[in-house]
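Chain residues, written in single-letter form:
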Amino acid sequence: VLGNASNGVIADVPEAVETLLSIMKECEVVADVLGLSIAQSAESRIQQTLSARMHTMSMLHDLRIGKPLELSPLWTSFEDLATLLGVRLPLTRALVGVALLREQSEAVSRQ
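Residues numbered from 1 in each chain as written. Predicted model: local features only at pLDDT ≥ 70, side-chain atom pairs only at ≥ 80, totals over all residues. Heavy atoms only, no water.

A.B. asks: How do you make sense of the overall build of the chain when you look at a structure like this?
C.D. replies: The number of helices and strands found in the chain is six helices and zero strands. Listing every helix and strand of the chain by position from the N terminus yields α-α-α-α-α-α. With the C-alpha coordinates aligned to their principal axes, the bounding extent of the chain is approximately 45 × 30 × 20 Å. By the burial criterion, 25% of the 111 residues in the chain qualify as buried. For the chain, the proportion of contacts with a sequence separation of at least 24, taken over those separated by at least 6, is 68%. Summed over its atoms, the accessible surface of the chain is roughly 7200 Å², and 60% of this surface lies on carbon and sulfur atoms. Taking the average location of the 9 positive side-chain charges in the chain and that of its 13 negative ones, the two points are 4 Å from each other. (Helix = DSSP H or I, 4+ residues; strand = E, 2+ residues; numbered from the N terminus. Buried < 20%, exposed > 50% of the residue type's maximum accessible area, 1.4 Å probe, protein only. Contact = heavy atoms within 4.5 Å. Areas by Shrake-Rupley, 256 points an atom, 1.4 Å probe, with all protein chains shown as cover. Lys, Arg positive; Asp, Glu negative; His and termini not counted. Charge placed at Lys NZ, Arg CZ, Asp CG, Glu CD.)

A.B. asks: Would you mind showing me how to read the nonpolar core here?
C.D. replies: A general feature of soluble globular proteins is that nonpolar side chains tend to end up buried together. With 14 residues, the main nonpolar core has Leu69, Leu71, Ala82, Val87 and Leu89 as its most contacted residues. Those elements that place two or more of their residues in this core are α2 (14–33), α4 (58–64), α5 (71–85) and α6 (90–110). When sequence neighbours within four positions are dropped, the list of residues in contact with Leu71 reads Met59, Val96, Ala99 and Leu100. (Core = buried A, V, L, I, M, F, W, Y, C linked by side-chain atoms within 4.5 Å.)

A.B. asks: Got a minute to help me understand the pattern of salt bridges in this structure?
C.D. replies: Two side chains bearing opposite charge may form a pair once their charged atoms approach each other closely. In this structure the tally under the stated criterion is five salt bridges. A salt bridge links Arg53 to Asp12; its shortest N-O distance comes to 2.7 Å. Placement of Arg53 in the loop between α3 (42–50) and α4 and of Asp12 in the loop between α1 (7–11) and α2 is noted, with a sequence separation of 41 residues between them. For Arg53, a relative accessible area of 37% gives the class partly exposed. For Asp12, a relative accessible area of 51% corresponds to the exposed category. Taking the shortest distance from any N to any O, the salt bridge between Arg93 and Glu79 comes out at 2.6 Å. With Arg93 in helix α6 and Glu79 in helix α5, the pair connects residues that are 14 residues apart, well separated along the chain. (Salt bridge = Lys/Arg side-chain N within 4 Å of Asp/Glu carboxyl O.)

Right, here's the structure in full:
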C-alpha cells in the first residue's frame, strides 16, 4: 500500500525487504509469547511471496479501486492481542499508521 508497487518492485528494493523482515520478526514475538511456532522462516515467507514478481497485494488492489481496506480491523485485533501479551510493536505501529493515513488520503481525494 505504501509503495504502490508489485511484488517484483518491492523485491528489487533491499531496504523495503529489510523493513518487511523487521516487521515480521517484530510480530513473531506475539507467536513466541503464545508458545506458537511458525514452521517457515520470515525470510523464506518473504522470498516466496516476492517471487511472484507480477503479483499485486490484494490490499493495494483494493486501495487502487477505491475499496475500503481491511487493515484497520486486522490491525486493531492484532494490536489488542499484542498489548494483552505485553509485546510492543513500534515499527509495525508506525507503518500501519502511515498506511491508514494513505487510505484516508485516497478516500478524501476521491470525494
